[in-house]
Amino acid sequence: MKSFLLTNALLLSVVSVSAAELQWPQFRGPAGDGVVLDQRPPVSFSETENVTWKAALAGRGWSSPVVAENTIWLTTAIERVPTAEEREVLLRKTDNDEKKFNQLAIAKSIELKLLAVDFKSGELLHTIDLTTIDEPDAIHATNSYASPTPVLDGDKIYCHFGTFGTFCLDRNTREVVWQRVLPLQHAVGPGSSPLIHADSLVLIQDGMDRQYVTALDKYTGTTIWETDRPEMEAPSGDQKKSYCTPIAITDSKGREQLICMGSQWLVAYEPKSGQEIWRLYHGKGFSVVPRPVFHNDVVYVSTGFGKAQLWAVRVDGSGDVTDTHAVWQALQGIPSKPSPLIYQEHIYLVDDNGVASCLDASSGDLVWKERIGGSYSASPLLAGGHIYFANHEGKITVIEPGNVFKKVAENQLDSQIMASPAVIDSAMIWRTAESIYRIE
């Protein structure tokens, strides 16, 4: 299973204290926004340049790597792939429209696992079996059964697979502390990553059958609260489902909020009780994937599929703030899958079809727009002084942030990229369809 590409033995044997102490604990990094300023990863790399190691990965998953104490953790799904005839039979057992069968993938069974990889060497340290699911629901052909990113909290790691299970593990003993199954009809598979806030594990549960947000006790897995989403006007559950990851913020009034974007509604909840603080109707957008970002009392959200828009919304309101707290909306070049990135009063985006753009954060005005090519799911990363955009075709475009588009490098890896990367000191951790890389 293991194959190494060693380009610098010294880098394998020497890891700075700062690297050992740094963590990448959740989707999009320490702050959950894809911005890390002190780390200095390389601008230029390839399959043969600046690769400390490359290791093969078992199974399939688009969850991002998380890193702590020189260990990289990833979830994966080992699939028993059906024949064409078996696939047809399995799909007919689901609730999916036959017209959409060609967009779907389905397995005869899946084994969900947590992998531990050594940060220094790329060696596979542990494979932890979590559960086996016979005849799982279908997923979209571009999704995986292991797409939500785990979250680290102290000596615990929390792995969420949507309707297939939620697990808390002790990182030291590798034992499951607790597990829950919260059934949901995702339609195209799980996507929302969990969030740790105080003593809670917060999950957005926006399915076709039901839409709600819940907080579980992170120590026991018991439900602390669950709150249904606002009523929606939609012809079917397909326009009600969503896949967003929450963020936790504190507004200028000192109020803690859980910002939970969903179909039609953006809602802020009180973290301890789940009580709604405010809501905003953003229209008919659904299947929202991009994680919101927050800056100066304003949250920025993509409205997802349909016709994606980017909304800037003040977070200091109460009740229905639809008519009072929307600052601006941008209508062109907005991603349905990659998350936005905000830095020094600019918002950087790449849409699903490879058009990168920069907006003024205060007004939403376009600063620049440039086609960089390819299809995109991974969210952009700002590390050190550069922004990295990675497409499905394995190309990573690197630019300098600023008022003009300035491309500084194009890098190519050999396999598909849909997972957002992690950064530890000078090292980038990239997950592709078949492998994991440490690049520095």
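Structure first, text after, so check above.
Not measured: the values here are computed from a predicted model. (Residues numbered from 1 in each chain as written. Predicted model: local features only at pLDDT ≥ 70, side-chain atom pairs only at ≥ 80, totals over all residues. Heavy atoms only, no water.)

## Here we look at the overall build of the chain
Here is step 1: Helices and strands together make up the secondary structure of the chain, namely 3 helices and 36 strands.
Here is step 2: In terms of overall dimensions, the chain is globule-like: its C-alpha atoms have a radius of gyration of 21 Å, near the 22 Å expected for 440 residues.
Here is step 3: Dimensions of the chain along its principal axes, counting C-alpha atoms only, are 60 × 55 × 45 Å.
Here is step 4: Considering the chain as a whole, with its 440 residues, one finds that 59% of them fall into the buried category.
Here is step 5: For the chain, contacts bridging at least 24 residues in sequence account for 57% of all contacts bridging at least 6. (Helix = DSSP H or I, 4+ residues; strand = E, 2+ residues; numbered from the N terminus. Rg over C-alpha atoms; globule rule 2.2 N^0.38 Å. Buried < 20%, exposed > 50% of the residue type's maximum accessible area, 1.4 Å probe, protein only. Contact = heavy atoms within 4.5 Å.)

## Topic: the sheet that holds strand 4 (residues 71–80)
Here is step 1: One open sheet holds the 4 strands; their spatial order is 3-4-6-7, and the pairing between them is antiparallel. Here the strands that pair on one side only, and so sit at the sheet edges, are strand 3 (66–68) and strand 7 (124–134). Shown here is a sheet whose adjacent strand axes are inclined to one another by a mean of 25°, direction ignored.
Here is step 2: As paired elements, strand 4 and strand 6 (residues 109–118) share 10 bridges and run antiparallel to each other. When the sheet's bridge partners are listed, Leu-74 is paired in strand 6 with Leu-115. (Pairing = 2+ DSSP bridges. Axes fitted to C-alpha atoms, helices over the stretch in contact; angles between N-to-C directions.)

## Quick notes on the side chain of Ser-339
Here is step 1: Here Ser-339 shows up in the loop between strand 25 (326–330) and strand 26 (341–343).
Here is step 2: With residues near it in sequence (within four places) discarded, Ser-339 still touches Phe-27, Arg-28, Pro-290, Arg-291, Ser-379 and Pro-380.

## A look at the side chain of Asp-352
Here is step 1: With respect to the helices and strands, Asp-352 occurs in the loop between strand 27 (346–350) and strand 28 (355–360).
Here is step 2: There is a polar contact of 2.7 Å between the side chain of Asp-352 and the backbone nitrogen of Ser-336.
Here is step 3: Polar contacts involving the side chain of Asp-352 include one to the main-chain amide nitrogen of Lys-337, which spans 3.3 Å.
Here is step 4: Those residues within four positions of Asp-352 in sequence are excluded, and the remaining contacts are Phe-305, Pro-335, Ser-336, Lys-337, Pro-338, Gly-374, Ser-375 and Tyr-376. (Polar contact = N/O pair within 3.5 Å; in protein donor to acceptor, adjacent residues only side chain to side chain.)

## Examining the pairing of strand 29 (residues 366–371)
Here is step 1: Inspection of the sheet shows strand 28 paired to strand 29 by 5 bridges, in the antiparallel sense. For Val-355, the partnering residue across the bridge sits in strand 29 and is Arg-371.
Here is step 2: Connecting the antiparallel pair strand 28 and strand 29 is a turn made up of 5 residues, with Gly-364 showing a positive phi of about 80°.

## Things to note about the pairing of strand 12 (residues 176–180)
Walk down a regular strand and you will see the side chains alternate between the two sheet faces.
Here is step 1: Pairing of strand 11 (residues 166–170) with strand 12, which is carried by 4 bridges, proceeds in the antiparallel orientation. Following the sheet pairing, Thr-166 is matched in strand 12 by Arg-180.
Here is step 2: Linking two consecutive strands that pair antiparallel, namely strand 11 and strand 12, is a turn of 5 residues; a positive phi of about 65° is found at Arg-174 within it.

## Concerning the nonpolar core
Here is step 1: The biggest cluster of nonpolar side chains holds 33 residues, and the ones touching the most others in it are Ile-72, Ile-396 and Trp-430.
Here is step 2: At 4 residues, the largest contribution of residues to this core is made by strand 35 (residues 427–431).
Here is step 3: Not counting chain neighbours up to four residues away, the residues in contact with Ile-396 comprise Phe-45, Tyr-388, Phe-389, Ala-390, Ala-409, Glu-410, Asn-411, Leu-413, Ile-417 and Trp-430. (Core = buried A, V, L, I, M, F, W, Y, C linked by side-chain atoms within 4.5 Å.)

Distances and angles like these do not, on their own, reveal function.
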